[in-house]
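Architecture and fold: a report
For reference, the chains in residue letters:
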Amino acid sequence: MHMHPAKRVEIIIESVMEGHLTEALVDAGVTGFTVVPVSGGSGRSGHWTREGQVSRAGGMVMFICLLLPDRLETLLDAVFPVLNRHIGVLNITDTHILRADRF
Amino acid sequence: MDGILALAQQNLFSPIVLSFVLGLAAALVRSDLNIPEAIAKGMSVYLLFAIGFKGGANVSGHGADLELALALLAGVILSAALPFVAFGMLRLLTRLSVVDAAAVAAHYGSISIVTFVAASTILDSQGIGYEGYMVAVAAAMEAPAILTALWLISRAQPDSRQQDGHLWREVMLNGSIVLLVGAFLIGWITGEDGKRQIDPFITAPFHGILCLFLLDMGLVAGRGLHKAQRVVSAGALTFGVIMPLVGSLFGLLAGLALGLSLGGVTLLMVLAASASYIAVPAAMRVALPEANPAVYLTLSLCITFPFNLLLGIPLYTAAAALVVAG
């Protein structure tokens, strides 16, 4: 089966910024992504967990975007202004996809 | 004096306060007691709907008039003005940066709806009546403090970023505000007839659910207290206890100026004394991501909320009784 090279971009960002980032991605033409809740983790500010959060202020979500390599710059240009001042992580990995015409 | 002590004793030994203490103690001894997140969320939806609906139904009986409009205006002014006081005190008592101090100040201008629900339940149990529209005053006090905090920042840092629509959506369309105001309007529109239809749902289980919710809040506050020493200074801790007393004084003066009943004055004191830990933290993460969330969440949720619940409410009730009833 023929597979196509692609990029997988994971963005972990504060849940209050979910709407903002979604809008930025859609405006940049990146319409294929998945958002999942993050249950906890550890970073520069120490350990944190979703358990016992009474406000959305403490939560994080993860965006998973799969896209063709030539679309990567567009995505990064859209994401950077949103992520810049906020707590979050962005990482990119090489991957393969089955149906390139869908991305 | 005996009356005040009796009131304090009655408050401290009420099921809702003891449930909170149980949660707090369980967290402090690191018990694995836990309320599942979805259940806690469901309980908060129920409590907001019930308190909003009952307030609206109460107003429908008395009608909306100048008294309601003035109370709303007073709430907005209090919420907008208190962050200035809080900001000044923070700059005096702590070494917090302008951004952190403004973020904390926004929390103390806004309100804690859970403290309000607990206070109104305690007043009910003591047979002290209050104006039904105080729920609407609570909703009106959520947002103005955020504007004051942003103004304080823009004054100190003229190059600070202009806010976009996302912040205003977070502030004005926050789920708890929409639910509280929406339930209030439903109660107002449907009145006593509507209340009769759902009374068994919004009245009978209310106290029990509030107990469980406060048990969870105790767990959250207790876990936060573990980290408090690392996060906030002695000056900030002092602020977390003094600011509610200062705020309640402003609430007392506003309540007297409005001519509210004893219960109404007490609730306005509670609102002015409480600090937000739901709506404002989320708004601050959008507007001021540089501000340290550990500082403002620890102060509002782990210091001021327990203080108000355990000592503040009986103190405000007694002070209001002394001034209003003589």
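Residues numbered from 1 in each chain as written. Chains lettered and ligands numbered in written order. Predicted model: local features only at pLDDT ≥ 70, side-chain atom pairs only at ≥ 80, totals over all residues. Heavy atoms only, no water.

Attention now moves to the overall build of chain A. Counting its secondary structure elements, chain A contains two helices and six strands. The order of α-helices and β-strands along chain A, N terminus first, is β-α-β-β-β-β-α-β. Seen along its three principal axes, the alpha-carbon backbone of chain A occupies a region of about 45 × 30 × 20 Å. Counting only residues that meet the buried cut, chain A has 34% of its 103 residues in that class. Counting 9 positive and 11 negative side-chain charges, chain A places the averaged centre of each group 3 Å from the other. (Helix = DSSP H or I, 4+ residues; strand = E, 2+ residues; numbered from the N terminus. Buried < 20%, exposed > 50% of the residue type's maximum accessible area, 1.4 Å probe, protein only. Lys, Arg positive; Asp, Glu negative; His and termini not counted. Charge placed at Lys NZ, Arg CZ, Asp CG, Glu CD.)

The next subject is the packing of helix α4 (residues 66–93) of chain B against helix α8 (residues 144–156) of chain B. Residues and elements named next belong to chain B. As a packed pair, α4 and α8 sit with axes 7 Å apart at the nearest point and diverge in direction by 40 degrees. When the axes of α4 and α8 are compared, the pair comes out oblique. Helix-helix and strand crossings are classified by hand; for α4 and α8 the assignment is right-handed. Residue-level inspection shows Val76, Ser79, Ala80, Pro83, Phe84 and Phe87 of α4 in contact with α8, the latter providing Pro144, Ala145, Thr148, Trp151 and Leu152. Residue composition of the contact of α4 with α8, grouped by class: nine nonpolar, two polar and no charged. (Axes fitted to C-alpha atoms, helices over the stretch in contact; angles between N-to-C directions. Parallel < 35°, antiparallel > 145°, perpendicular 65-115°, else oblique. Left-handed = near helix turned anticlockwise from the far one by under 90°. Contact = heavy atoms within 4.5 Å. Nonpolar A, V, L, I, M, F, W, Y, C, P; charged D, E, K, R; others polar.)

This part is about the pattern of salt bridges. The final tally for this structure, using the stated rule, is five salt bridges over all chains. A salt bridge links A:Arg8 to A:Glu10; the shortest N-O distance between them is 2.8 Å. For A:Arg8, a relative accessible area of 27% corresponds to the partly exposed category. Here B:Asp193 ties to B:Arg196 by a salt bridge, and the two come within 2.4 Å at their closest N and O atoms. (Salt bridge = Lys/Arg side-chain N within 4 Å of Asp/Glu carboxyl O.)

Glancing now at the sheet that holds strand β1 (residues 4–14) of chain A. Residues and elements named next belong to chain A. Strand order across the open sheet formed by four strands is β2-β5-β1-β6, with antiparallel pairing between neighbours. For this open sheet the edge positions go to β2 (33–37) and β6 (88–97), each flanked by a neighbour on one side alone. The sheet shows a mean angle of 20 degrees between the axes of neighbouring strands, direction not considered. Sheet analysis places β1 next to strand β5 (residues 60–67), joined by eight bridges and oriented antiparallel. Counted as the bridge partner of Glu10 is Ile64 from β5. Helix α1 (residues 18–27) rests against β1, β2 and β5 of the sheet, and its axis sits at about 15 degrees to β5. (Pairing = 2+ DSSP bridges.)

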